[in-house]
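Observations on chain architecture
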Amino acid sequence: MSSRTDKHPAGLAAAESLLVAAGRDRHPGAPLNLPPVLASNFILGTARTYARGDGTPTWEALEEIVGRLEEGRCVAFASGMAGVAAVFDQLRAGSRIVLPEDCYQGVTGLAEAGRQKGLWSVSRLAVDDTDGWIRAAADADLLWLESPSNPLLVVADLRAICAASRKPSALLAVDNTFATSLNQRPLELGADLSFQSATKFIGGHSDLLAGLVTVKRDDLFAAVRRSRELRGATPGALESFLAVRGARTMALRLERAQSNAMILAERLGAHPAVARTRYPGLPTHPTHAIARAQLMGYGTIISFDVRGDAVAADKVCSHLRLIQHATSLGAVESTIERRAGIHGQEHLPPSLLRLSVGIENVEDLWADLDAALQQRGL
Ligand SMILES: *Cc1c(COP(=O)(O)O)cnc(C)c1O
């Protein structure tokens, strides 16, 4: 039941320390914390002339933190979806994209919009169909994996899929939003691109939108950055500042939320009003063995099916007092949402609730959940 964030590869400064120490200006007299640099342009004479193409010190602080955590080079974007779009922007006309069946609805929406315009073809595979992904790797141009997946929390065997042979020009990207850079480092597992929405765990306070794409290859770094420049998908100064501030406490927040999640998942799993609990840390989870081998922590998201129908599940949400009835995840406050009620997510079990566990006291969270489950009616 322990959180496993203490496991990190040798040779890398501990992630908790990097989160606190990276992205600082160490010159004598410099402010200890970089203030938000509100500048579109800079005095000529260096490589930094105009923010959209050359970046700003504030964006770079955020990029340095995540780049060092994932041992690659990071490009920050206006939102997670702006980062996803920059990855799709790398594709030539007629490309083949493979997406997971359980996938963030923004990503499937973007892929579908391009397919309708005739830009590319899209096929879907179950997250845990490792053989299917390995076969698909042979002729795909973009393999987009999401693990653990949203909202069913299925874990893909990333190491095996990344090791499959693919065309030299093919890209393998992993949406690392649910895992975070603390629990999983896709580039180390063999991915070309590691994506995450910084709106979630890095921001951590539900008060900003930002996205991050991290790569090892220099040509890919230049291409992703060029896409940001040409599409104007640049992060805001204040958002970048807040994301850096969020990163400073991320390890602590994750550790606490993750240990809360494990306790709540075990109790939900035994609750008579819950038909099924999905959490990668539970031994009963279908992809628990891969999660154990691949992740450094099981995360803070639990999906559970309330016994009964959508109305019963909605009742649970409306009876909660501490847990906020709101979308999104990765913040200090716990949030809950019935996912089949979301556009594009109608295929999900109607009574499935996705709970993003925050850093509140776990007994208070349990008391809230237990009371709401008891009041759901039958
Ligand atoms: C939120 C999210 C995104 C999109 O990020 P935004 O910051 O909302 O644009 C992509 N993938 C996953 C898994 C997410 O949770």
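Residues numbered from 1 in each chain as written. Predicted model: local features only at pLDDT ≥ 70, side-chain atom pairs only at ≥ 80, totals over all residues. Heavy atoms only, no water.

Topic: the sheet that holds strand β8 (residues 274-278)
Spatial strand order, β8-β9-β12-β11-β10: five strands in an open sheet with mixed pairing. In the strand order of this sheet, the two ends are held by β8 and β10 (324-325), each with one partner. Here β10 pairs with strand β11 (residues 335-338) via two bridges, running parallel. Opposite His325, over in β11, you have Ile336 as the bridge partner. Strands in contact with helix α12 (residues 250-269) are β8, β9 (301-306) and β12 (352-356); relative to β9, the strand with the most contacts, it is inclined by about 15 degrees. Relative to the sheet, helix α14 (residues 310-319) contacts β9, β10, β11 and β12, its axis offset from that of β11 by approximately 160 degrees. (Pairing = 2+ DSSP bridges. Helix = DSSP H or I, 4+ residues; strand = E, 2+ residues; numbered from the N terminus. Contact = heavy atoms within 4.5 Å. Axes fitted to C-alpha atoms, helices over the stretch in contact; angles between N-to-C directions.)

Remarks on unusual backbone geometry
Geometrically, the link from Ser147 to Pro148 is a cis peptide bond, its omega value of -10 degrees lying close to zero. Mapped onto the elements of the fold, Pro148 is located in the loop between β4 (142-146) and α7 (158-163). Note the cis peptide between Asn150 and Pro151, where omega equals 0 degrees. With respect to the helices, strands and loops of the structure, Pro151 is situated in the loop between β4 and α7. For Glu71, which is not a glycine, the phi torsion comes out positive at approximately 55 degrees.

Here's the deal with the packing of helix α3 (residues 57-69) against helix α11 (residues 237-248)
In the contact formed by α3 and α11, the axes pass within 8 Å of each other and the chain directions differ by 35 degrees. The way α3 lies across α11 gives a crossing that is left-handed. Across from Thr58, Trp59, Ala61, Leu62 and Ile65 in α3, the residues of α11 making contact are Ala237, Ser240, Phe241, Ala243, Val244, Ala247 and Arg248. When the residues that make up the contact of α3 with α11 are grouped by side-chain class, the tally is nine nonpolar, two polar and one charged. (Left-handed = near helix turned anticlockwise from the far one by under 90°. Nonpolar A, V, L, I, M, F, W, Y, C, P; charged D, E, K, R; others polar.)

Some remarks on the pattern of salt bridges
Tallied over the entire structure, the rule returns 18 salt bridges. Linking Asp219 and Arg217 is a salt bridge whose minimum nitrogen-to-oxygen distance equals 3.1 Å. Residue classification places Asp219 among the partly exposed residues on the basis of a relative accessible area of 48%. Between Arg267 and Glu363 there is a salt bridge whose closest N-O contact spans 3.0 Å. Separated by 96 residues along the polypeptide, Arg267 in helix α12 and Glu363 in helix α15 (residues 362-374) bring together distant segments of the chain. For Arg267, a relative accessible area of 28% gives the class partly exposed. Here the salt bridges share partners, and the residues they tie into one network are Arg166, Asp192, Arg217 and Asp219. (Salt bridge = Lys/Arg side-chain N within 4 Å of Asp/Glu carboxyl O. Buried < 20%, exposed > 50% of the residue type's maximum accessible area, 1.4 Å probe, protein only.)

A closer look at the environment of Ala137
When you line up the elements, Ala137 lands in helix α6 (residues 130-137). Separated by 92 residues in sequence, Ala137 and Gly45 have C-alpha atoms that sit 46 Å apart.

Regarding the sheet that holds strand β7 (residues 211-215)
Spatially, the seven strands line up as an open sheet ordered β1-β7-β6-β5-β4-β2-β3, and their pairing is mixed. Single-partner strands in this sheet number two, and they are β1 (73-77) and β3 (120-125). Between one strand axis and the next, the sheet turns by 20 degrees as a mean value, whatever way the strands run. Across five bridges, strand β6 (residues 193-197) lies against β7 in antiparallel orientation. Directly across from Leu193, in β7, lies its bridge partner Val215. The sheet strands contacting α3 are β1, β6 and β7, and the helix crosses β1 at an angle near 135 degrees.

Notes on the site of the ligand
Taken together, 13 residues surround the ligand, and among them Met81, Asp175, Ser197, Thr199 and Lys200 come closest. Between the ligand and Asp175, the relevant distance is 2.7 Å, taken from a nitrogen atom to a side-chain nitrogen or oxygen of the residue. Considered on its own, the ligand offers 390 Å² of accessible surface; in the complex 94% of this is hidden by protein. Contributing elements (two or more residues each) for the shell around the ligand: α4 (80-88) and β6. (Near = heavy atom within 4 Å. Polar contact = N/O pair within 3.5 Å; in protein donor to acceptor, adjacent residues only side chain to side chain. Areas by Shrake-Rupley, 256 points an atom, 1.4 Å probe, with all protein chains shown as cover.)

Quick notes on the pairing of β9
Among the six residues that make up β9, six are buried, leaving the element largely enclosed by the rest of the structure. In the sheet, β8 pairs with β9 via four bridges, with the strands oriented antiparallel. Following the sheet pairing, Thr277 is matched in β9 by Phe304. Two strands pair when backbone bridges link them, and β9 and β12 are joined in this way by five bridges, in the antiparallel orientation. Across the sheet, residue Asp305 finds its bridge partner in β12, namely Leu352.

Quick notes on α15
With 13 residues, α15 extends 18 Å between its outermost C-alpha atoms, agreeing within 8% with the 18 Å of an ideal straight helix rising 1.5 Å per residue. When α15 is considered as a whole, its buried residues turn out to be Val362, Leu365, Trp366, Asp368, Leu369, Ala372 and Leu373. Down the axis of α15, the buried side of the element spans an arc of 160 degrees, and every buried residue falls inside it. At its buried positions, α15 is contacted by α12, β8, β9, α14 and β12. (Expected span 1.5 Å × (residues − 1). Arc of directions from axis to C-beta.)

Focus: the confidence of the model for the protein
Summary statistics for the protein give a mean pLDDT of 95 and a share of 96% for residues scoring 70 or more. Below a pLDDT of 50 lies the segment residues 1-11, which in the model reaches 26 contacts outside its immediate sequence neighbourhood of four places, other chains included. (pLDDT = per-residue confidence, 0-100.)

Structural notes on the packing of α4 against helix α5 (residues 105-116)
Taken N-terminus to C-terminus, the directions of α4 and α5 make an angle of 40 degrees; their axes are 10 Å apart at the nearest point. Comparing the axis directions of α4 and α5 gives the class oblique. α4 and α5 meet at a crossing whose hand is right-handed. Residue-level contacts link Met81, Val84, Ala85 and Phe88 of α4 to Gly106, Val107, Leu110 and Ala111 of α5. Looking at the contact of α4 with α5 residue by residue, the classes come out as seven nonpolar, one polar and no charged. (Parallel < 35°, antiparallel > 145°, perpendicular 65-115°, else oblique.)

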